[in-house]
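Here's the letter readout for the chains.
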Amino acid sequence: MSYGDAMSARAKSAERRAEIVRAALEVIAERGYRGASLAAVAERVGLTQQGLLHYFPTKDALLVAVLEERDQWDAVPDSRWRIDLLASLVEYNAMRPAIIQTFSALLGESVTEEHPARDYFTARYARVRASMAGVLRAEYGDVLPNGLTPERTAPLLVAVMDGLQYQWLLDPESVDMPGAFRDFLTLLGET
């Protein structure tokens, strides 16, 4: 196989993996992680289950790929996050309910001891809290106008973002997720 052929094969493999991850996102959004099967994902992309296993050897490996893909959509270097960008992220999330539903369903399921995404979410929340504390420190210094430190406020900020997502998913007509988040920012001292 020539170098060009090898590169083309790798590109096609990467495209196929991306297609499988997108299909898995859809199936998980529809059925939840426990209800989603490799067979359902394989069928959606026109593969046999054995063919799917060539790309992702286990359901857990596929789940991790789904979560990592979702994180790439929101990726902003820590040094670039600002409070106003967080409000923009909430607005962006309001435009993609299927992704938010999938993330929220997986997050809810991951609190059980043996869920394959538990370690992923535990590590993710540690990173997010640290990142949010950095954003708050850059904006306000060591103490926010409300008297709390960035480290004490960061878990509250994350909880508000996630909690608003759950409320919005349950009743999008009654919960203005971006507006409620902007209201929360006023409590931090933003105007």
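Keep in mind the model is a prediction, meaning the values are calculated, not measured.

A. Layout of the overall build of the protein. What the protein contains, in helices and strands, is 9 helices and 0 strands. The linear arrangement of helices and strands in the protein, starting from the amino end, is α-α-α-α-α-α-α-α-α. Each principal axis of the C-alpha atoms in the protein carries an extent, and together these give about 60 × 40 × 30 Å. Considering the protein as a whole, with its 191 residues, one finds that 40% of them fall into the buried category. In the protein, the proportion of contacts linking residues at least 24 apart, taken out of those at least 6 apart, comes to 62%. Accessible area of the protein: about 10600 Å², with a carbon and sulfur share of 54%. Side-chain charges of the protein comprise 20 positive and 27 negative groups, with the mean position of each set lying 4 Å from the other.

B. Representation of the pattern of salt bridges. Applying the stated rule across the entire model yields 8 salt bridges. Across the salt bridge formed by Arg44 and Glu30, the nearest N and O atoms sit 2.8 Å from each other. With a gap of 14 residues between them, Arg44 in helix α2 (residues 38-44) and Glu30 in helix α1 (residues 3-35) connect regions that are remote in the sequence. With relative accessibility at 35%, the residue Arg44 sits in the partly exposed group. Since its relative accessible area comes to 52%, Glu30 is described here as exposed. Shared partners join several salt bridges into a network, and the residues in it are Glu26, Glu30 and Arg44.

C. Up close: the environment of Gly134. Inspection of the secondary structure puts Gly134 in helix α7 (residues 118-140). It is 12 Å that separates the C-alpha atoms of Gly134 and Pro155, two residues lying 21 residues apart in sequence.

D. Seen up close, the nonpolar core. Counting 54 residues, the largest nonpolar core has Leu62, Phe121 and Phe181 as the members making the most contacts within it. Here Phe121 is in contact with Leu67, Phe103, Leu106, Leu107 and Ser110, once residues within four sequence places are set aside.

E. Quick look at empty space enclosed by the protein. Counting across every chain of the model gives 2 cavities of 30 Å³ or more. By volume, the largest cavity is sized at about 70 Å³. Ala24, Ile28, Tyr33, Ala36, Ser37, Leu38, Val41, Lys59, Leu62 and Leu63 together form the lining of the largest cavity. Reported here for the second largest cavity is a volume of approximately 40 Å³. Taken together, Leu25, Val66, Leu67, Arg70, Ile99, Thr102, Phe103 and Leu106 form the lining of the second largest cavity. A per-element tally of the lining of the second largest cavity places helix α6 (residues 97-109) first, with 4 residues. For the lining of the second largest cavity, the residue count by class is 6 nonpolar, 1 polar and 1 charged.

F. Representation of the packing of aromatic side chains within the structure. Inspection of the entire model under this criterion finds 3 aromatic pairs. For the ring pair Phe103 and Phe121, a centre distance of 5.4 Å and an interplane angle of 70° mean the geometry is edge-to-face. Of this pair, Phe103 sits in helix α6 while Phe121 sits in helix α7; the two residues are 18 residues apart in sequence, bridging distant segments of the chain. Chaining the aromatic ring pairs together yields one cluster made of Phe103, Tyr120 and Phe121.

Cut-offs used in this document
- Residues numbered from 1 in each chain as written.
- Predicted model: local features only at pLDDT ≥ 70, side-chain atom pairs only at ≥ 80, totals over all residues.
- Heavy atoms only, no water.
- Helix = DSSP H or I, 4+ residues; strand = E, 2+ residues; numbered from the N terminus.
- Buried < 20%, exposed > 50% of the residue type's maximum accessible area, 1.4 Å probe, protein only.
- Contact = heavy atoms within 4.5 Å.
- Areas by Shrake-Rupley, 256 points an atom, 1.4 Å probe, with all protein chains shown as cover.
- Lys, Arg positive; Asp, Glu negative; His and termini not counted.
- Charge placed at Lys NZ, Arg CZ, Asp CG, Glu CD.
- Salt bridge = Lys/Arg side-chain N within 4 Å of Asp/Glu carboxyl O.
- Core = buried A, V, L, I, M, F, W, Y, C linked by side-chain atoms within 4.5 Å.
- 1 Å grid on protein atoms, 1.4 Å probe; cavity = no way out; pocket = protein on both sides within 12 Å on 5 of 7 lines; lining within 4 Å.
- Points joined across faces, edges and corners; volume = space filled by probe spheres on them.
- Nonpolar A, V, L, I, M, F, W, Y, C, P; charged D, E, K, R; others polar.
- Phe/Tyr/Trp six-rings, centres within 6.5 Å; stacked < 30°, edge-to-face > 60°.

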